Every structure is written in C-alpha cells, then in structure tokens.
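An overview of the molecular structure
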Amino acid sequence: MQSLTTTSLRIRENQLWILDQQALPQRSDWRECRDVSELVDHIRTLRVRGAPLIGLSASLLLALLAEQGMAQDELHHALETLRASRPTAVNLMNNLDRMKAALQQADYVKALTEEALRLVDEDKALCDSIATHGATLVTPGSRLLTHCNTGGLATAGIGTAIGVIRRAHEQGNVEQVWVDETRPLLQGGRLTAWELGELNIPYQLICDSMAASLMAQKRVDAIWVGADRIAANGDVANKIGTYSLAVLAKYHGIPFYVAAPHTTHDPQCRNGAAIPIEQRTATEVTGVSGSFGAVQWAPFNAQVYNPAFDVTPAELISGWVLDVGVVTPDQVQDGIFRQALS
Ligand code: MRU
C-alpha cells in the first residue's frame, strides 16, 4: 500500500503505525500495529480513539493483512473481531460494512486497499465540509466551549467540532476556547489542549464542573461537540458529560451544536435509548493513569459506574452540523434523520 500520513495514523513500508493517544501530550510515541489483536488492544485502551479514527484504522489494517496474504475466511473473522472492539461509535460498523462488501469481490485484495484508502480520503473531505458549514454559525469574538477531543487526532482530516473551531479561528471569529478536561480519561485536558496549542488557538482548560458557572457569567457564546452516533430521531451519543452541557446550554440560552459526518447518522437506531453505551473499567474512575504513571485515590474496593458515553436528546440540540449541511431542529421534527442522508 502507498505511504500515508494523518495526524495519528501512518502507513510506512506496508505497516500500520498509530500515534499513542494515551501517551500524548507528554510523549509522541508511534506504535506499530501488526495484527488484529494489537489493534483491538489499542482501540480498547484508547490509544486509538475517536469515532472516525477507529473505523479508519480497522479498515487500513484489514487491507494491509489482505496484502500480506491473509486468506479470505480469516479476513472475515478479523473484520468481525474488529467490529466488536468498541460498541458505541457507528463509524466503525459503517466502515467495516464497506470493507465487507470489498471482501466479497473476486480481486478482494485490490478492492480492500482501494476501499480503505477511499475511506481515508472521504473522511478528510467530510471534515472540510463540516468546517465550511459550521464556521458560518460562529459569530465574531466567539468564546466557544468544547468537550472531549474531535480534532485531527480523532479523524483523518481537520476534525469535526475542532475542525469548525479551527476554520472559524482562521476567519478571525474565535476569541478563545474553553476546553473541558473530560473526565475520566481526560481527552480534553490531554488531547484537545495539545491540538489547540499546536494550532495557536487561544484556549483555557477547565474541569468539567466549571462549565456551569462560566455559562452563568455569560462567558460562553456557543458549545461545539462531536458525536459517536446520531439516532433516527436526532438524539446524539457522545462522550460522557455531553448531555449535562446540553442541559446547561438550554437553561442559559446558549446554542449547542453537534458536528459530525453524515456517516455518524444511524437510521437503524430509532432513538438514543437504542444506542449501545460502552461501559468501561472501574480503574478509570478510581484514579488516573497515563505516561506519568498511575494514581489511585478511591478506596481499593470502591464500586464504580463508568459509562463512556451519554445520550443528548434531540430537543436540546440547536443544530446538527454535517458535511451535507446544517440540519435544524425543525427539520429533525419533520423527520429528516428518518430518511437516509446522502
Ligand atoms: O472514547 P473516545 O475518546 O473515543 O470518545 C470520543 C468522542 O466521544 C468524540 O466526541 C467522538 O468520537 C467524535 S470524534 C470526531
């Protein structure tokens, strides 16, 4: 396969490399990813993370395994193992459905390679279009708040919500960004802070619990988040903590936007209650770990509830900013998400 470079994926000499998102920002560790069990481990530990990136890494690995001579039935098994690596983001399932169709073709090695590279190119283009539509909603002097990480690390392109912020900043309309640290795994504090710093976009990092008082002080003009799955009625699953921001935004009269590619829409999911929510290990909540080591502060036997995502009901969302355009609450009421978006 040809060489390829995105912020967090590389193909070099027919091998997949991933930028370890658990080591950032203290270290930029590129890790080789040779087989399915290695990639599944990277995905489960969030070294590879973000809805679009999970799907792209799985697709690229399948194509490389095919090029290395893996048999068709083994590739089928590999594909289903990768599909089960994380349940909430629908992009993984969508990408693998396309890879599965390529795998049925007579020249499946060529078809898989072409499809995986097409998915990467498409993702870059989707990010660009989201940014173009989203930036029209950002007014001059905006102080924007974002949650989790939705940038170049999580996609093959400039990102979704962060892509919008980046484009609006280039247009001179962003005064500053409030970055929610995003407990428990700190994607905001570690990854979004790092990305915005690299882009020279002014930001201040806050603990998740500080967002409410900032809104009460009228220091937030709009909230921009990404999505892992958009249900047929417009409900959105995204990183845990997104729902509380949406409730706060409604109370304070602040626009709350969801930026995502149309491929994050899942017409098979009737509403948010039908979206599978990943439950994660207790140690993410009982303490913290990273490239700096691990600390536990909770009692050894503390009982923990740790869903990785929550669901924001459609009625709290001011706009679904997709590559195909901005979907308004009225359009959602009229059932636009129930029809397949093209
Ligand atoms: O658990 P993560 O870090 O993979 O969760 C990521 C998010 O919730 C993002 O907001 C979402 O995947 C969109 S990334 C463009």
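Residues numbered from 1 in each chain as written. Predicted model: local features only at pLDDT ≥ 70, side-chain atom pairs only at ≥ 80, totals over all residues. Heavy atoms only, no water.

1. Points about the nonpolar core
- Formed by 42 residues in total, the largest nonpolar core has its most connected members in L16, L60 and L112.
- Secondary-structure elements contributing two or more residues to this core are β2 (9–12), β3 (15–19), α1 (36–44), α2 (51–67), α3 (72–83), α4 (90–103) and α5 (108–135).
- Among the elements that line this core, the one with the most residues is α2, at 11 residues.
- When near neighbours in sequence (up to four residues on either side) are disregarded, L112 contacts L62, A63, A66, L75, M99, A102 and L103.
- Membership of the second largest hydrophobic core comes to 27 residues, among which are L214, L245, A246 and W320. (Core = buried A, V, L, I, M, F, W, Y, C linked by side-chain atoms within 4.5 Å. Buried < 20%, exposed > 50% of the residue type's maximum accessible area, 1.4 Å probe, protein only. Helix = DSSP H or I, 4+ residues; strand = E, 2+ residues; numbered from the N terminus. Contact = heavy atoms within 4.5 Å.)

2. Brief notes about the UniProt feature "binding site: substrate" (unreviewed entry) in the protein chain
- The UniProt record marks R49, G50, A51, R86, Q187, N238 and K239 with the feature "binding site: substrate" (unreviewed entry), using the residue numbering of this structure. As for the annotated residues named above, the ones lining the largest cavity are R49, G50, A51, R86, Q187, N238 and K239.
- Along the chain, G50 falls in the loop between α1 and α2.
- Looking at the element boundaries, R86 is found in the loop between α3 and α4.
- On the basis of relative accessible area, R86 is assigned to the buried category, the value being 5%.
- Sequence-distant contacts of R86, defined by excluding residues within four places in its chain, comprise I43, L46, R49, I54, L92, M93, K239, E278, R280, A308 and F309. (UniProt positions renumbered as here; feature names shortened; annotations may be inferred. 1 Å grid on protein atoms, 1.4 Å probe; cavity = no way out; pocket = protein on both sides within 12 Å on 5 of 7 lines; lining within 4 Å.)

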